[in-house]
Amino acid sequence: MRRLHEAIAREGTNLGGGILKVDHILNHQIIPDLMEELGQELGRRFRDAGADRVLTAEISGIAPALSTALVLGVPLVYARKKKPITMSGTIFTETAPSRTKGEEVSFMVAAEFLPPGERVLIVDDFLASGLTTLALARLVRSARSELVGIGVVVEKRFEEGRARLREAGYPTLPVVALATVLRMEESRIELAAYPQACHE
């Protein structure tokens, strides 16, 4: 994932408060062939996990999750943040704080799209504090399904999300980050040296 690593190093911006702006590749603009590469890599890393479906959060996680689901040949389900009038029946709901929105955000999935007894892979754009990821994991648990792994495009290692996942009851769950930010200070973004950024 050298291309991803170089794009973050070249154009990523530290907005302060732990917020990393990478709108040029993830959160506003999507580079289709780069997203395809990310999906291929995550698909390769989780090929043997036996996932039945991929779960992500609306909206920035959809692009990498879709690319990964395409490689794995499984459906993608994304947790909605607002309930549309078309969503009915049993709905699994969780909340997590959003730093970029400055408020609690809801995540909702209709039970019909997260059936029991399946193996679910979470794919998202970031792993930071881990609170959004844990909300998605609780959705999987509510559905009585099994979480088989977590794949993210960027991990902000200094925010301890990976440790929070272990403490929450996932000590051996495979967590794959395609790029790892070790620290951010003023205009400097320090990334784990490639290819370390691709290690679990």
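Residues numbered from 1 in each chain as written. Predicted model: local features only at pLDDT ≥ 70, side-chain atom pairs only at ≥ 80, totals over all residues. Heavy atoms only, no water.

A. Structural context of the packing of helix 3 (residues 32-45) against helix 4 (residues 62-72). Where helix 3 meets helix 4, the closest approach of the two axes is 7 Å, and the angle between their N-to-C directions is 55 degrees. The orientation of helix 3 with respect to helix 4, classified from their angle, is oblique. Taken as a pair, helix 3 and helix 4 cross one another with a handedness that is right-handed. Where helix 3 approaches helix 4, its residues Met 35, Glu 36, Gly 39, Gln 40, Leu 42 and Gly 43 are matched on the opposing element by Ala 63, Pro 64, Ser 67, Thr 68, Val 71 and Leu 72. Of the residues contributing to the contact of helix 3 with helix 4, the split by class is 6 nonpolar, 5 polar and 1 charged. (Axes fitted to C-alpha atoms, helices over the stretch in contact; angles between N-to-C directions. Helix = DSSP H or I, 4+ residues; strand = E, 2+ residues; numbered from the N terminus. Parallel < 35°, antiparallel > 145°, perpendicular 65-115°, else oblique. Left-handed = near helix turned anticlockwise from the far one by under 90°. Contact = heavy atoms within 4.5 Å. Nonpolar A, V, L, I, M, F, W, Y, C, P; charged D, E, K, R; others polar.)

B. Representation of the pattern of salt bridges within the structure. As enumerated under the stated definition, the model contains 14 salt bridges in all. Two residues, Arg 10 and Glu 11, come together in a salt bridge whose shortest N-O distance is 3.4 Å. Salt-bridge contacts for Arg 80 lead to Glu 58; the nearest nitrogen and oxygen are separated by 3.8 Å. In this pair, Arg 80 is assigned in the loop between strand 4 (76-79) and strand 5 (91-98) and Glu 58 in the loop between strand 3 (53-57) and helix 4, connecting sequence segments 22 residues apart. (Salt bridge = Lys/Arg side-chain N within 4 Å of Asp/Glu carboxyl O.)

C. Geometry of the packing of aromatic side chains. On inspection of all chains with the given rule, the structure shows 0 aromatic pairs. The ring of Phe 126 is capped by Lys 156, whose NZ or CZ atom sits 5.6 Å from the centre of that ring. (Phe/Tyr/Trp six-rings, centres within 6.5 Å; stacked < 30°, edge-to-face > 60°. Lys NZ or Arg CZ within 6 Å of the ring centre and 35° of its normal.)

D. Representation of helix 4. For helix 4, the complete set of buried residues consists of Pro 64, Ala 65, Ser 67, Thr 68 and Ala 69. As for helix 4, its buried residues are in contact with helix 3, strand 3, strand 4, strand 7 (119-127) and strand 8 (146-156). Gly 73 occupies a position one or two residues after helix 4 and carries a positive phi of about 70 degrees. (Buried < 20%, exposed > 50% of the residue type's maximum accessible area, 1.4 Å probe, protein only.)

E. Main features of the sheet that holds strand 7. Across the sheet, which stays open at both edges, the 6 strands sit in the order 4-3-7-8-9-10 with mixed pairing between neighbours. In this open sheet, the two strands that pair with only one neighbour each are strand 4 and strand 10 (188-191). On average, each strand axis in the sheet is tilted by 30 degrees relative to the strand beside it, whichever way the strands run. Direction of pairing for strand 3 relative to strand 4: parallel, over a ladder of 4 bridges. Across the sheet, residue Val 54 finds its bridge partner in strand 4, namely Leu 76. Packed on one face of the sheet, helix 3 meets strand 7, strand 8 and strand 9 (175-185) and runs near 120 degrees to strand 9. Each of strand 3, strand 4, strand 7 and strand 8 touches helix 5 (residues 131-142); the most contacted strand, strand 7, lies at about 165 degrees to it. (Pairing = 2+ DSSP bridges.)

F. Here's a closer look at the nonpolar core. In this structure, Leu 4, Ile 8, Leu 20, Ile 25, Leu 26, Leu 38 and Val 154 are the most contacted members of the largest nonpolar core, which totals 32 residues. Of all the secondary-structure elements, those providing two or more residues to this core are helix 1 (2-11), helix 2 (23-27), helix 3, helix 4, strand 7, strand 8, strand 9 and strand 10. Ranked by residues supplied to this core, first place goes to strand 9 with 5 residues. With residues up to four places along the chain from it excluded, the contact list for Leu 20 reads Ile 8, Gly 12, Thr 13, Phe 126, Val 154, Lys 156, Val 181, Met 184 and Ile 189. (Core = buried A, V, L, I, M, F, W, Y, C linked by side-chain atoms within 4.5 Å.)

G. The environment of Gly 73, seen in detail. Relative to the helices and strands, Gly 73 resides in the loop between helix 4 and strand 4. Between the alpha carbons of Gly 73 and Arg 53 there is a distance of 8.6 Å; along the sequence they are 20 residues apart.

H. Looking closely at the pairing of strand 7. Burial within strand 7 is extensive, with 8 of its 9 residues counted as buried. Pairing of strand 3 with strand 7, which is carried by 3 bridges, proceeds in the parallel orientation. In the strand pairing of strand 7, Arg 53 is matched with Val 120. Bridge analysis of strand 7 against strand 8 gives 8 bridges, and the strand direction is parallel. Residue pairing across strands places Asp 124 opposite Val 152, the latter belonging to strand 8. Regarding the hand of the β-α-β motif, the stretch spanning strand 7, helix 5 and strand 8 is right-handed. (Right-handed = clockwise from strand over helix to strand, strands pointing away.)

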